[in-house]
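# Examining the three-dimensional arrangement
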Amino acid sequence: MQSLGRLEDLPQAYRDQLTEQNLVPLWPNLRAVLPPKIPSRKTTPTHWSYQAMRPLLLRAGELTPMEKAERRVLVLANPGHGLEKMQASAAMYLGMQLLLPGEWAPSHRHTPNAVRMVVEGEGATTTVNGEKCPMHRGDLVLTPTGLWHEHGHEGKDPVVWLDVLDLPLIYYTETSYAIEGERQNVLPGHGERAYVSGGVVPTPAFNRQPKAYPIIRYPWSEVRQSLLALASDQPQLEAVQVTYVNPETGQDVQNNLGFYALMLRPRQTLKLPPRSPAIVFHQIEGQSELIIEQTQFLLNEADTACAPGYTPITIKNRSADTPAFLFMADESPLHRKLGVYEAR
Ligand code: GTQ
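All of the points below concern the structure found in this document. Throughout this document, residue positions are counted from 1 along each chain, in the order its sequence is written. The predicted origin of the model limits local features to residues at a pLDDT of at least 70 and limits the giving and counting of side-chain atom pairs to 80 or more, whereas totals for whole chains, interfaces and linings rest on all residues. Derived side-chain values reflect all non-hydrogen atoms in the structure, with water molecules and hydrogen atoms excluded from consideration.

Here we take up the overall build of the protein chain. Per the convention used, a helix needs a DSSP run of H or I reaching at least four residues, while a strand needs a run of E reaching at least two, with both numbered from the N terminus. For the protein chain, the count of helices and strands is seven helices and 21 strands. The globule rule is 2.2 Å times the number of residues to the power 0.38, and the radius of gyration it is compared with is taken over C-alpha atoms. Computed over its C-alpha atoms, the radius of gyration of the protein chain comes to 22 Å, within 12% of the 20 Å expected for a compact globule of 344 residues. Relative to its 344 residues, the protein chain shows a buried fraction of 46%. Only heavy atoms matter for contacts: two residues are in contact if any of them lie within 4.5 Å across the pair. Within the protein chain, contacts between residues at least 6 apart in sequence are counted, and of these 74% link residues at least 24 apart. The average position of the 32 basic charges and that of the 36 acidic charges among the side chains of the protein chain differ by 4 Å. Whether a residue is buried, partly exposed or exposed follows from its accessible area with a 1.4 Å probe, protein chains only, as a fraction of its type maximum: under 20%, in between, or over 50%, in that order. Charged residues are defined here as Lys and Arg on the positive side and Asp and Glu on the negative side; His and the ends of the chain fall outside this count. Each charge is placed at NZ for Lys, CZ for Arg, CG for Asp and CD for Glu.

Let us now look at the layout of surface pockets. The way it works is a 1 Å grid over only the protein atoms, where trapped points that fit a 1.4 Å probe form a cavity and open points with protein on both sides within 12 Å along at least five of seven lines form a pocket, and then any residue with an atom within 4 Å of a point lines it. Grid points are joined across faces, edges and corners, and a volume is the space filled by probe spheres set on the points. Reported here for the largest pocket is a volume of approximately 1,500 Å³. For the largest pocket, the lining is made up of 47 residues, of which Gln-87, Ala-90, Ala-91, Pro-168 and Leu-169 are closest to its centre. Put simply, the parts of the chain that give the lining of the largest pocket at least two residues each are helix H2 (30-33), strand S2 (73-75), strand S3 (93-99), strand S4 (104-110), strand S5 (114-120), strand S10 (159-165), helix H4 (167-172) and helix H7 (332-338). Considering every element that reaches the lining of the largest pocket, the biggest residue donor is H4, with five residues. Residues are grouped as follows: Ala, Val, Leu, Ile, Met, Phe, Trp, Tyr, Cys and Pro are nonpolar; Asp, Glu, Lys and Arg are charged; all remaining types, including Gly, are polar. Each residue belonging to the lining of the largest pocket can be placed in one class, and the counts come to 27 nonpolar, 13 polar and seven charged. Put simply, the second largest pocket is a space of about 640 Å³. Lining the second largest pocket are 22 residues, and of these Tyr-195, Ser-197, Ile-215, Glu-222 and Ser-226 lie nearest its centre.

What follows deals with helix H6 (residues 220-233). Taking 1.5 Å per residue as the helical rise, H6 with its 14 residues ought to reach 20 Å, and the 20 Å between its terminal C-alpha atoms agrees with that figure. Here H6 has its buried residues at Trp-220, Val-223, Leu-227 and Ala-231. All buried residues of H6 project into a common sector of 75° when viewed along the axis, lining one side. Opposite the buried face of H6, at more than 90 degrees from it, the exposed residues are Gln-225, Ser-232 and Asp-233. Any helix carries an expected span of 1.5 Å times its number of residues minus one. Note that the arc is computed from the directions linking the helix axis to the C-beta atoms.

So, on to the site of the ligand. The environment of the ligand is formed by Arg-71, Val-73, Tyr-93, Gln-97, His-108, His-110, Arg-116, His-149, His-151 and Asp-163. A distance of 2.8 Å is found between an oxygen atom of the ligand and a side-chain nitrogen or oxygen belonging to Arg-71. Polar contact criterion, stated in full: a pair of N or O atoms within 3.5 Å, where within protein one must be able to donate a hydrogen and the other to accept it, and residues adjacent in sequence count only if both atoms are side-chain atoms. Within the side chain of Tyr-93, an N or O atom sits 2.7 Å from an oxygen atom of the ligand. The accessible surface values rely on the Shrake-Rupley method and a 1.4 Å probe; as for residues, cover is taken only from the protein chains in view. Protein coverage of the free-state accessible area of the ligand, which is 290 Å², stands at 89%. To decide whether a molecule occupies a pocket or cavity, check its atoms: if more than half lie within 2 Å of the grid points, it is inside. According to the grid-proximity analysis, the pocket containing the ligand is the largest pocket. Where the shell around the ligand is concerned, the elements lending two or more residues are S3, S4 and strand S9 (149-153). For the shell around the ligand, the residue count by class is two nonpolar, five polar and three charged. One heavy atom within 4 Å of a molecule or strand is enough for the residue carrying it to be called near that molecule or strand.

On to the sheet that holds S2, then. Two strands pair under a simple rule: DSSP has to find at least two bridges between them. The strand order across the open sheet formed by six strands is S2-S3-S10-S5-S8-S12, and the pairing between neighbours is antiparallel. Two strands close off the open sheet at either side, each with one partner strand: S2 and strand S12 (217-218).

With that settled, the discussion passes to the packing of aromatic side chains. The relation between two aromatic rings is expressed through the spacing of the ring centres and the mutual angle of the planes. For Phe, Tyr and Trp, where Trp contributes only its six-membered ring, two rings pair if their centres lie within 6.5 Å, and the inter-plane angle classes them as stacked under 30 degrees, edge-to-face over 60, or tilted in between. Under the counting rule described, the total for this entry stands at four aromatic pairs. Ring geometry for Tyr-244 and Phe-327: centres 6.2 Å apart, planes at 75°, overall edge-to-face. Taken together, the positions of Tyr-244 in the loop between strand S13 (240-243) and strand S14 (258-264) and Phe-327 in strand S21 (residues 324-330) put the pair 83 residues apart, joining distant regions of the chain. Summarising the burial analysis for this pair, Tyr-244 and Phe-327 share the class buried. Ring centres 6.1 Å apart and planes at 5° place the aromatic pair Phe-259 and Phe-327 in the stacked group. One end of the pair, Phe-259, is in strand S14; the other, Phe-327, is in strand S21, with 68 residues separating them in the sequence. There is no split in this pair, since Phe-259 and Phe-327 are both buried. When the ring centre of Tyr-341 is taken as origin, the NZ or CZ atom of Arg-336, which lies over that ring, is 4.0 Å away. Here, a charge over a ring is recorded when the distance from Lys NZ or Arg CZ to the ring centre is within 6 Å and its angle to the ring normal is within 35 degrees.

Here we come to the pattern of salt bridges. Note on definitions: salt bridges are taken to be side-chain nitrogens of Lys or Arg within 4 Å of carboxyl oxygens of Asp or Glu. Tallied over the full model, the rule gives 13 salt bridges. Taking the shortest distance from any N to any O, the salt bridge between Arg-6 and Asp-9 comes out at 3.1 Å. Classification of Asp-9 by relative accessible area gives partly exposed; the value is 44%. A salt bridge links Glu-192 to Arg-217; its shortest N-O distance comes to 2.9 Å. Here the residue Glu-192 occupies a position in helix H5 (residues 191-194), and Arg-217 occupies one in strand S12, the gap between them amounting to 25 residues. Both residues of the pair, Glu-192 and Arg-217, belong to the buried class. Put simply, Asp-139, Glu-192 and Arg-217 are held in one network by salt bridges that share partners.

Below is the structure:
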């Protein structure tokens, strides 16, 4: 490939004139913005141990009261982006949120899309546009763009969940903002009860009126059952994986990020092809070995890791007799919309 002229090759007086007019020559920067064959990625393979994080999160509970935090969260920041950027990848933000018994995280709504993956503790709820969602280990609760949400805790022990947001993307596009609200009135009804399996959707007054977000809470007990049923139904199937979808459309549950649950059979090794989106892994049950190109991580229960896009990934269940279960998030819906989605 031809080497291009450098900035230093230009006379200083000319460079000053360009700067004066807010102009920049492309050629010294061309290879940086259009690198050959594969994008440059700041996202580096990163692992966050829950065992290491947990005492620090509980300490935040002692150091910072809710009134001073609003959301008491330790952000899982990818050092490749710089910790201060609070990004796991180009489009994904990860935070571990702590709510203590009796505490309340006040109602607000914002442009970024969020989901909660419950990690530990019983008794917390998230109320989303009036729907009060219980939170049990492994449950996925959606708080899509624009919907009111607040968190409460009526249990006895600390509750922790993983927040996954498209905040870096929404912030980058200069569209990120929040509105504070009043405590919500709880309304009757739970999406996950109306949209039971069996391939039927509610049809009020003989007329389907699809909601944008028909299911807010995806209970882990049901998702786990689906994975076990899929695995036993198709013993030859390699990737025992399900996607969290909107049952009205069959499309991904949210606009920009995709969410999945994966089961690894005992001792199974699964190779994922290099694909354009970055991926987040969170171990719900069991223990896995995650190999991202040359980097190897051991994922214990409740550990989280992030892999850049365009990278081959291998994941292994360490157990010889029990399945491993993982939650995954990625940037596939965004990449598909942008027309840049690739699997190599
Ligand atoms: O729970 O609403 O981790 O607004 C970051 C921003 C959680 C939340 C985060 C948020 C929330």
